Structure formats: structure tokens, C-alpha cells
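An overview of the molecular structure
Residue strings, one per chain:
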Amino acid sequence: MSRPVSDWSLDLTVAADSGAPLFRRISQGIIAEIRRGRLRPGERLPGSRTLATTLQVNRNTVLAAYEELAGEGWTEPARASGTFVSRALAQVRPAAARRASRRGRPATPMGFDLERAPDLEQLIPAHLPGLQFSGSVPDLRLAPASELARAFRRALVKQARTVLSYGHPQGHPRLRAALAHMLAGSRGLATVSEDVVVTSGSQMAIDLVSRALLRPGDVVAVEQLGYRPAWLAFRQHGARLLPVPVDTGGMQVEALAALTERTAIRAVYVTPHHQYPTTATLTAARRIALLELARRQRFAVIEDDYDHEFHYDGRPVLPLASADRAGVVVYIGTLAKILAPGVRLGYVVAPRSLLASLTAHRFLIDRQGDHTLEYAVAELLEAGDAQRHARRARRIYQGRRDFLARALRRELADALSFTTPAGGIAIWVTAAPGVDVDRWAARALTHELVIATARGYAFDGRPQPHMRLSFAAFNEEELSEAVRRLRRAL
């Protein structure tokens with residue numbers, strides 16, 4: 001499909017008077033843009049009147065240029081539709097240009113040096129066909145899309161003058177107030193709207209914290225099995241990472257304490273509620289020890305509470321931030337699991353001096369967030385729609401957790417063992433001796449089943465006999481099929 005270039009003016013460089021007629025210089029300018037790739041085969045050229053106005057020449061001059069282009073095969077007229085760059089040119093493009101296009105890179109080489117970028121393949125895994133047992137996403141079929149659409153429309157209709165204008169980079173005040181109320185009520189944080197910075201998802205929150213907190217050479221302690229995108233963000237801002245072991249009680253804080261005796265650390269990144277990826281909950285004794293260690297050694301605790309809402313057995317454990325009396329915890333949360341990953345809303349609660357720095361960095365990155373979306377989501381929180389959706393999803397996900405646990409024990413008891421997690425959206429399983437989980441995952445791909453093994457979460461990248469099987473996005477029929485494929489692959 002061609003782009004409607006004729007709806008826009010075409011800024012065209014016309015050679016200075018060299019003795020050639022003006023119409024020929026115009027045609028040569030268009031040919032140069034076709035050769036350069038700016039004008040592509042099948043693309044519509046501006047109308048003769050539009051181009052004549054842009055170039056401030058007589059329309060007959062442009063018509064003569066178009067006639068010459070058509071005569072030489074550069075363009076093809078279409079009755080009542082305009083003039084188009086000839087589609088036949090697509091067959092004669094230089095091979096180098098075709099290769100560059102397939103690779104998604106421009107044919108023109110880069111004329112300056114560039115620092116090495118993070119590996120995009122580590123950040124965005126390749127999409128593989130089949131059931132995504134490896135995903136860590138909620139079921140988008142349950143998302144409150146209609147409620148959100150109505151709230152978004154009301155925001156545009158009733159609040160257009162404010163939400164479509166520049167706003168404060170800390171986030172829309174209505175959403176910050178709603179989040180502060182939610183955090184005080186359900187997570188035990190003594191917070192008000194001034195204590196909250198809204199971000200475009202938790203990944204932006206991690207990046208902003210890295211920008212504000214870390215200096216080149218700073219040491220950040222991370223969970224030895226953990227969340228790789230956070231590690232990459234810390235490294236991007238100059239941090240040196242040191243791993244801390246995890247077990248069924250979460251991060252081994254005693255190992256962290258031993259680490260601090262040898263090395264000064266700037267921060268520790270931890271997922272205490274449902275450790276990622278194992279789903280283990282940090283024990284009460286370790287929570288107390290971690291906060292005391294951070295107070296004594298004066299390092300920051302970056303707490304990523306990515307799926308607080310989905311705890312099924314007993315009451316959710318309150319965040320570390322709720323017990324922080326020394327001002328050491330930087331609390332990161334997200335609405336992606338409550339609503340949907342595409343609703344890019346996260347938040348940070350931290351000491352206000354750090355929040356001021358986060359806000360300044362946010363301003364420099366993209367000025368502010370999407371205040372229309374923030375206003376709409378604030379309305380959902382105030383009306384209780386988001387909370388009702390979270391409660392409904394929690395009931396459904398608990399049922400899916402239990403269904404998957406039964407299916408695994410029935411079909412794969414000889415190959416897998418696990419403890420049913422108290423919360424989260426995945427089951428962390430251990431393979432029986434002699435079972436190579438990475439080979440199993442490779443065979444599963446031939447059955448169109450994608451599973452995640454421990455190697456992808458390991459700090460050293462070494463294989464371990466574990467897999468993370470996510471259940472939230474599947475109904476019971478889909479979970480049954482996933483387990484059947486997993487059994488066939490074994």
C-alpha cells in the first residue's frame with residue numbers, strides 16, 4: 001500500500017541553474033530521492049499544484065518534469081489517483097540495499113562511533129509459535145478493557161485541557177493520590193501522593209532509580225536467580241553486579257551480610273514477596289535482618305513488588321517498605337498485572353530527595369507520562385473497578401494454579417517435583433535426576449510449547465534442573481493441552 005505523500009508537501013532539493021531547464025532539474029531531484037530510498041516504489045508523489053506551490057514555480061514546469069519521469073520509467077500514472085514511483089523499480093534495487101532492508105538497517109553506513117548497546121535479544125525474547133508456558137503475563141481476556149475505554153474517553157472529553165497539555169513529570173496528581181490510598185490501605189505504606197512517582201511501567205522505574213542512585217563502579221547485589229532486565233539496567237548505568245544465593249526462603253541475607261564485609265555495596269535488588277522466578281517468599285527473619293543490615297551499612301534496598309495482588313494462601317505479606325523506619329527502601333510496583341502489560345503504568349515510593357531526582361530524570365527522558373491514561377486509571381481505582389477486577393482475577397488464577405498443580409502431579413509425577421506456591425502466576429518445578437530440562441525445552445518447541453528453564457534466570461547462565469511454568473494466561477482446557485504437550489516432549 002502506498003503512503004499518501006501527496007497529502008503533504010515534498011521538500012525537494014533542486015540544483016542551482018546549470019544551464020539545464022528547470023523542469024529537468026526538478027525531475028533529476030526526484031530521481032535522486034528515488035535512488036536514495038526516500039521515495040519508494042509504489043509511493044505517491046505530490047500533486048502537481050502542491051509541488052509547484054512548494055517549489056514556487058509554475059505548475060506547467062512540474063507537469064513537464066512529471067512527463068519526463070514517466071517517459072524514462074521512473075514513475076507510472078494512475079488514472080484519477082495521481083503519479084506514483086514505478087513499482088517495477090523494486091525489482092532492480094541494488095543487492096546491498098535489498099540485504100540492508102531485510103536486516104532492517106539503512107544501506108548508508110554509520111559515519112560515527114557508537115558505544116556498545118545492550119543486547120536486544122536478551123531484552124526482547126524471540127516470539128516462538130505455540131502455547132507460551134514461559135510467559136509471565138496475566139490473561140488479557142480478563143482485562144477490564146471496556147471500563148478503561150470508557151474512563152479514557154471521559155478523560156478526553158471532560159479533562160482535555162489538562163490531560164492533553166503539559167503536566168508534572170511526577171505523574172498526574174489524581175493517580176498519585178489514588179495509588180497512595182491503595183498502598184496505604186492494602187500494603188501498609190504510610191504514604192501520601194507526594195511520596196509517589198508514576199512511571200511508564202516498572203522497567204522505567206528500575207531505570208530511573210539506576211540513573212538517580214548509581215555511579216560508575218557502584219556494586220549492586222542481586223538475586224542469583226533473578227530478573228535479567230533489571231540486571232541489564234543496572235549495568236547500563238555503570239554498576240558492577242554481585243550475585244546472592246536464593247533458596248526456599250528467598251534471598252539468603254546471611255550471604256549478603258558476608259558479602260558486605262568484603263565489599264561496600266550501593267544497593268541490593270530483591271523481589272521479596274514472590275521471588276522471581278522461584279516464587280519463594282522472603283522469611284520474616286530475613287526481612288528483619290535485611291532492613292537492619294541496610295540501615296547499618298547504609299545501602300538502598302530496591303524492592304520490586306511486581307505481582308502483589310496475586311497471593312492465594314493466607315494474607316499477602318506486607319512489603320519491606322511498610323516496615324522501613326530508616327529510609328532505605330525504594331519500593332517499585334506496577335499496574336501491568338492488575339490491568340494489562342500494555343497499560344504502561346508503574347510507580348516508585350521512596351524518600352523524597354530520591355523522588356525529586358527521579359522526577360528530574362523522568363523530565364529529561366520524556367517530559368511526562370501519558371496523563372490521559374493516568375487520569376483514566378485513577379478513575380478506575382477511585383470507583384473500585386480495578387480492585388474488583390483484581391479480586392476476580394485472583395480467584396481465577398488461584399483455580400488455574402490448583403488445576404495445573406493437579407495436572408502436573410497426575411501426568412508428570414515421575415519427572416517433576418514442586419511445592420504449590422502461595423502466590424504468583426507460575427509454578428517453579430524441579431526435574432528428576434537424569435532429566436535435562438534444557439533438552440526437554442528444546443523438544444517442547446517441536447510440539448509448539450514454549451517453556452522457560454532456570455538457565456535464563458541464572459546469573460552465571462549455567463543450567464539448573466528447574467523450570468518456571470506460568471499458568472495465569474491459560475484457561476483449564478489450555479492448561480490441559482500444555483501439560484499433554486509437555487508430557488509428549490518428555
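Rules behind the numbers
Residues numbered from 1 in each chain as written. Predicted model: local features only at pLDDT ≥ 70, side-chain atom pairs only at ≥ 80, totals over all residues. Heavy atoms only, no water. Axes fitted to C-alpha atoms, helices over the stretch in contact; angles between N-to-C directions. Helix = DSSP H or I, 4+ residues; strand = E, 2+ residues; numbered from the N terminus. Parallel < 35°, antiparallel > 145°, perpendicular 65-115°, else oblique. Left-handed = near helix turned anticlockwise from the far one by under 90°. Contact = heavy atoms within 4.5 Å. Nonpolar A, V, L, I, M, F, W, Y, C, P; charged D, E, K, R; others polar. Buried < 20%, exposed > 50% of the residue type's maximum accessible area, 1.4 Å probe, protein only. Salt bridge = Lys/Arg side-chain N within 4 Å of Asp/Glu carboxyl O. Pairing = 2+ DSSP bridges.

1. A few points about the packing of helix α1 (residues 22-36) against helix α3 (residues 59-71)
Close contact between α1 and α3 brings their axes to 8 Å; oriented N to C, the two are set at 55°. Taken together, the axes of α1 and α3 are oblique relative to one another. Considering the relative orientation of α1 and α3, their crossing is right-handed. Between α1, through L22, F23, R24, I26, S27, I30 and I31, and α3, the contact on the second element is made entirely by T61, A64, A65, Y66, E68 and L69. Taken together, the residues that form the contact of α1 with α3 break down as nine nonpolar, two polar and two charged.

2. Comments concerning the side chain of H237
Note on placement: H237 falls in the loop between α10 (228-236) and β6 (240-244). A relative accessible area of 19% places H237 in the buried class. If we ignore the near neighbours within four places in the chain, the residues touching H237 are D207, S210, R211, L214, R215 and P216.

3. With respect to the pattern of salt bridges
Throughout the structure, instances matching the rule amount to 31 salt bridges. Here E43 makes a salt bridge to R40, at a shortest N to O gap of 3.8 Å. Judged by its relative accessible area of 5%, E43 is buried. Note that E76 and R87 form a salt bridge whose closest N and O atoms lie 2.5 Å from each other. With E76 in strand β1 (residues 75-78) and R87 in the loop between β2 (82-85) and α4 (95-103), the pair connects residues that are eleven residues apart, well separated along the chain. Note on R87: relative accessible area 45%, which makes it partly exposed. Salt bridges linked by common partners bring D139, R141, R400 and E478 together as one network.

4. Points about the sheet that holds β6
Strand pairing in a sheet relies on backbone hydrogen bonds. The paired strands run either parallel or antiparallel. Sheet architecture is open: seven strands sit in the order β4-β12-β11-β10-β9-β5-β6, paired in mixed fashion. A single partner strand is all that each edge strand has here, and the edge strands are β4 (196-199) and β6. Across the sheet, the mean angle from the axis of one strand to that of its neighbour is 20°, orientation sign disregarded. Two strands pair when backbone bridges link them, and strand β9 (residues 267-270) and strand β10 (residues 300-304) are joined in this way by four bridges, in the parallel orientation. The partner of V268 across the bridge, within β10, is V301. Relative to the sheet, α10 contacts β5 (219-223), β6, β9 and β10, its axis offset from that of β5 by approximately 175°. Sheet contacts for helix α13 (residues 352-366): β4, β11 (329-334) and β12 (346-349); angle to β4, the most-contacted strand, approximately 25°.

5. Quick word on the packing of helix α8 (residues 173-187) against helix α14 (residues 371-383)
Between α8 and α14, the least distance of the axes is 8 Å, while the angle of their chain directions is 35°. Remark: the crossing between α8 and α14 carries left-handed chirality. Residue-level inspection shows R174, L175, A178, L179 and M182 of α8 in contact with α14, the latter providing E374, Y375, V377, A378, E379, L381 and E382. Its residues assigned to classes, the contact of α8 with α14 comprises eight nonpolar, no polar and four charged.

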